[in-house]
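# Topology and contacts: notes
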Number of protein chains: 4
Amino acid sequence: MPKRTFFRLDEDKKERIIRAAIDEFHKNGFENAKIGNIADEAQIAKGSIYQYFEDKKELFMYSINWSLDYFMKNIDYSSPVEEMDPFDYLLSDGHKKLELLKKEKVMVYFFKDIMTGKFGAMTKEINDYLWKIGDEHLLKLIDVGIKKGTIRSDVDKNLLLLFYKGVTMQMDEYVFLKAEEDVFDLSDEKFTQIENYIKNIVELMKHGMGC
Amino acid sequence: MPKRTFFRLDEDKKERIIRAAIDEFHKNGFENAKIGNIADEAQIAKGSIYQYFEDKKELFMYSINWSLDYFMKNIDYSSPVEEMDPFDYLLSDGHKKLELLKKEKVMVYFFKDIMTGKFGAMTKEINDYLWKIGDEHLLKLIDVGIKKGTIRSDVDKNLLLLFYKGVTMQMDEYVFLKAEEDVFDLSDEKFTQIENYIKNIVELMKHGMGC
Amino acid sequence: MPKRTFFRLDEDKKERIIRAAIDEFHKNGFENAKIGNIADEAQIAKGSIYQYFEDKKELFMYSINWSLDYFMKNIDYSSPVEEMDPFDYLLSDGHKKLELLKKEKVMVYFFKDIMTGKFGAMTKEINDYLWKIGDEHLLKLIDVGIKKGTIRSDVDKNLLLLFYKGVTMQMDEYVFLKAEEDVFDLSDEKFTQIENYIKNIVELMKHGMGC
Amino acid sequence: MPKRTFFRLDEDKKERIIRAAIDEFHKNGFENAKIGNIADEAQIAKGSIYQYFEDKKELFMYSINWSLDYFMKNIDYSSPVEEMDPFDYLLSDGHKKLELLKKEKVMVYFFKDIMTGKFGAMTKEINDYLWKIGDEHLLKLIDVGIKKGTIRSDVDKNLLLLFYKGVTMQMDEYVFLKAEEDVFDLSDEKFTQIENYIKNIVELMKHGMGC
DNA sequence: GATGAATGAGTATTCATTCAT
DNA sequence: TATGAATGAATACTCATTCAT
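Since we're looking at a predicted model, the values are computed, not measured. (Residues numbered from 1 in each chain as written. Chains lettered and ligands numbered in written order. Predicted model: local features only at pLDDT ≥ 70, side-chain atom pairs only at ≥ 80, totals over all residues. Heavy atoms only, no water.)

## Notes on the protein's contact with DNA strand E
Close to DNA strand E lie 33 residues; K34 of chain A, T5 and R8 of chain B, K34 of chain C together with R8 of chain D are nearest. Near-protein atoms of DNA strand E (within 4 Å) split between backbone and bases, with sugar and phosphate holding 70%. At 3.2 Å from a phosphate oxygen of DNA strand E is found a main-chain nitrogen or oxygen belonging to A33 of chain A. Interatomic distance of 3.3 Å between a side-chain N/O atom of K13 of chain D and a phosphate oxygen of DNA strand E. Ranked by residues supplied to the surface near DNA strand E, first place goes to helix α4 (residues 46-52) of chain D with five residues. (Near = heavy atom within 4 Å. Polar contact = N/O pair within 3.5 Å; in protein donor to acceptor, adjacent residues only side chain to side chain. Helix = DSSP H or I, 4+ residues; strand = E, 2+ residues; numbered from the N terminus.)

Structure below.
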């Protein structure tokens, strides 16, 4: 948890610092991230970082939290969508992700780094926490699906979760790759191409790949 | 590529070195892995490492190659199985993995670290290479499935690959977690529990989670 | 010398600041003393310290002066006692010191730190000054003793001073140690024990340890 | 305790390192002593210091031990002298100290710093140890004196110790100051002046300053 | 070839001091 | 004047790599 001096900062500065941190952590990983770079990028003095955060680790942790919050707010990863069928959700969600990708590339990547476990040992603690949050969210979706009758009820929910998650992540991976191809802007063609892919994947999730 | 001095070493020493490296890299990640620890563990002088490898990175890369080879040889990840149906393959493969897990815990974990992208930037290069190999392998399996009529042929193969991979990885993840619970030895009960899970997952892959 | 802003402060605040400083300097030495701690302890803002003192060193120097003054006033280290025989003086002085120890532990210790030279190089300047003051005081005492016929007159006065000082300091050291044993309060028993010791020491000073 | 790599060094290098350390610690105290300075002065790489010592503190501690040993060996502070009368001992000891002062100024000062407690908190532990050694040594001397009949036996030995120590230290202080006056070499005149002082002090110790 | 000692570049963190409010 | 946030200089320590034996 940042020191209170951090919270007293004006929004712009706070955001500059965290975005600088996210950028650095994403580019170089935790170990190789230099506090100096972050300070420079955020246009503050190196020492100031320590006025706001206990140490590098705390800054890192908070960066994670911050990006988590960010996505919660912006992708509505949290609640209202909960009445949506998980398959529909995927479709809409995928769309939103594409828009985010265009706007918040770095942060999305950072978020992906986290979820992928790229920060490894460093995050064991927070990693578990993040997973739990994500899983809970997905389980709710699955529940809705079962209730609505779009998801089979003869299989253990955890198994469904695992299945859903696996396919979803793979799909995200694909979307990322595709989006990466256009460094600056996604063409409409690419856009529909991606949406098509997602539709197909969802179809596979529903009916399986077997005959 | 190691220097030729390395290849002149006797098998035992070579293996000791690589296994020590794998252990250290797995435990601490690339940045925090200490050459000194590896040398100690391998019972050779620190300086000797540099007689065999250009630098830390080369040792790391070779460790990856080595473990890749190891699995190729031991899990038959390469050829003969190719006539097998991908679903059957999963079942048998899963079984083999369990046996490997018991025998080569550290190396399996290291391998997982690699495939998961935990070494991040460090491996971008090799990562792509590994994925390509893996993907090729899986695509062959899928082809077999289509030919044998166990996999639907109305969907793009790359999509099937993506789907198959996603579910597979998630399944592996689960197996790892389960296996981890028994630090020293897997009980038979746990063993069948895991196999059951795999069966169910395969069933989901075949028929999907939709109604 | 503190800035004039300091002298404009009310007594209570001034004392709070100096006592906080003394406490910190005593506990951590000059180098490790933290201005922040002093400010916290004195319940003022860190920046205010610099409103009163040029820098850390000036605060330190003034703390020394302050404690010196304090003892001058409170132990009557200066004048009226001057008609007293140095041996009698020691006895009475010793008693007073015990009382002070109970009331002003920290400051006494700080004072001892100074006289002992614990602040080393930092005080070279002030140290000389302090010694001079102390020596002058003691020389007066010795003069009185010679005049009163309680001290031999066949020895160089500086030598007597040196002798007197050495034994005295050692005695103080002992008193401090004893006093330290009772963290909160000196028992009467300990009290008389200490006084006895002092008496014996004084006897040794008078007649020597030889046969 | 230094690492064994240190003990494998040739005598010259070892001595260069320790003397450089002693010099730096004496000049700047523990906190302000810079490892870099020590390394430079000893003509070795900064990192090498850490090949020999765990950290700054260990180097400091060993420097103390080393100078202690040095004086033990060179001033015969340990045993054979033990049959000597403490007063005679002081005389001879004083003489030796003068010679040492000329040869090993810095180290003598460092030693004095230690015994004076100038390193304060840092040494609480070792300080006690040093005092104990010193006290034991002195107590033996006093015992000899009592046995030989040159010291009165009607006084508590610890009191005698305290007395003896106080006067001795003060005397040393004086000698140091005198010696300091001649930066490069002690004139014979100064030499005899000092010896005279010592004789007088010893006389005072024997017969006291009272009438 | 093998060894392990020597090297020195590289960086998080602290804290006295300054400064804007 | 009081405040406390901002600043940045300063330094112990690590460890990959080199090198002398």
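## What about the protein's contact with DNA strand F?
The local shell around DNA strand F holds 33 residues, among which R8 and Y52 of chain A, K34 of chain B, T5 of chain C together with K34 of chain D are the closest. Taking all atoms of DNA strand F within 4 Å of the protein, the share assigned to sugar and phosphate is 69%. Y52 of chain C places a side-chain nitrogen or oxygen 3.2 Å from a phosphate oxygen of DNA strand F. Between DNA strand F and the protein, one listed contact pairs a phosphate oxygen with a backbone N or O atom of A33 of chain D at 3.1 Å. For the surface near DNA strand F, the element with the most residues is helix α4 (residues 46-52) of chain A, which contributes five residues.

## Focus on the interface of chain C and chain D
Contacts between chain C and chain D engage 38 residues on the former and 38 residues on the latter. Roughly 3500 Å² is buried in total at the junction of chain C and chain D, and carbon and sulfur atoms are behind 68% of that figure. Of all residues in chain C, R152, L162 and M209 of chain C give up the largest surface area on contact with chain D, accounting jointly for 23% of the area buried on that side. Residue E203 of chain C is joined to R152 of chain D by a salt bridge in which the shortest nitrogen-to-oxygen separation is 3.1 Å. Remark: the boundary between chain C and chain D carries eight residue pairs in polar contact (both at pLDDT 80 or more). For the side of chain C that touches chain D, the element with the highest residue contribution is helix α9 (residues 157-181) of chain C, accounting for 13 residues. Taken together, the residues of the side of chain C that touches chain D break down into 18 nonpolar, 13 polar and seven charged. (Contact = heavy atoms within 4.5 Å. Buried area = accessible area lost by both parts, 1.4 Å probe. Salt bridge = Lys/Arg side-chain N within 4 Å of Asp/Glu carboxyl O. Nonpolar A, V, L, I, M, F, W, Y, C, P; charged D, E, K, R; others polar.)

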